[in-house]
Amino acid sequence: KTMQNLPVINAVINANGRKLRKAIGFDSVRNKGLMYVMLHELLFGKYKSIRGGGKIKRMIIKQEKELRKGADEYIAKHGLPSGTDGDDRGVNFPRYVRVNVLRSNTEDVIKL
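Residues numbered from 1 in each chain as written. Predicted model: local features only at pLDDT ≥ 70, side-chain atom pairs only at ≥ 80, totals over all residues. Heavy atoms only, no water.

Draft legend 1. Main features of the environment of Leu20. Examined against the element boundaries, Leu20 turns out to sit in helix α1 (residues 6-23). Note on Leu20: relative accessible area 8%, which makes it buried. Contacts of Leu20, omitting those with residues within four sequence positions, involve Val12, Ile13, Gln63, Glu66 and Leu67. (Helix = DSSP H or I, 4+ residues; strand = E, 2+ residues; numbered from the N terminus. Buried < 20%, exposed > 50% of the residue type's maximum accessible area, 1.4 Å probe, protein only. Contact = heavy atoms within 4.5 Å.)

Here it is as structure tokens:
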């Protein structure tokens, strides 16, 4: 889900001359993926808050009001990116499938 909302997150943190990007210390963080996930949880997550803690959370929470305002403005102007209608009830595919090799082989099952 974070990757689907990545354009919105990037637009928000890079708006106004990259002011928020500097304020949350985005360029100084080593784990950019964690920063993106935390921003997604804050702006689009189920609870609209960051669960957990640490330095990255503290840096983001200091700018929470501006981040929410920027995200709301972006969504009002551009809408959500395609494929992100806010509805998580899409088709769920299993993460793995057990193949009984006594009755079939893996190649035949993949063709199905």
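Following the structure, the description resumes.
Draft legend 2. Molecular detail of the packing of aromatic side chains. By the definition in use, this model includes 1 aromatic pair. Between Phe26 and Tyr36, the ring centres sit 5.3 Å apart and the planes meet at 65°, which makes this aromatic pair edge-to-face. Residue Phe26 is located in the loop between α1 and α2 (32-44), and its partner Tyr36 is located in helix α2; the two are separated by 10 residues in the primary sequence. Here Phe26 and Tyr36 have matching classes, each one buried. One cation-aromatic arrangement involves Lys32 over Phe26; the distance from NZ or CZ to the ring centre is 5.2 Å. The lysine or arginine in question, Arg51, covers the ring of Tyr47, its NZ or CZ lying 4.5 Å from the ring centre. (Phe/Tyr/Trp six-rings, centres within 6.5 Å; stacked < 30°, edge-to-face > 60°. Lys NZ or Arg CZ within 6 Å of the ring centre and 35° of its normal.)

Draft legend 3. Main features of unusual backbone geometry. Here the phi dihedral of Asn16 falls at roughly 55°; this positive angle occurs in a residue that is not glycine. The topology assignment puts Asn16 in helix α1. Residue class for Asn16 comes out exposed when judged on its relative accessible area of 67%. Residues other than glycine seldom take positive phi values, yet Lys48 does so here, at roughly 55°. Structurally, Lys48 can be placed in the loop between α2 and α3 (55-61). Overall, the relative accessible area of 39% leaves Lys48 in the partly exposed class.

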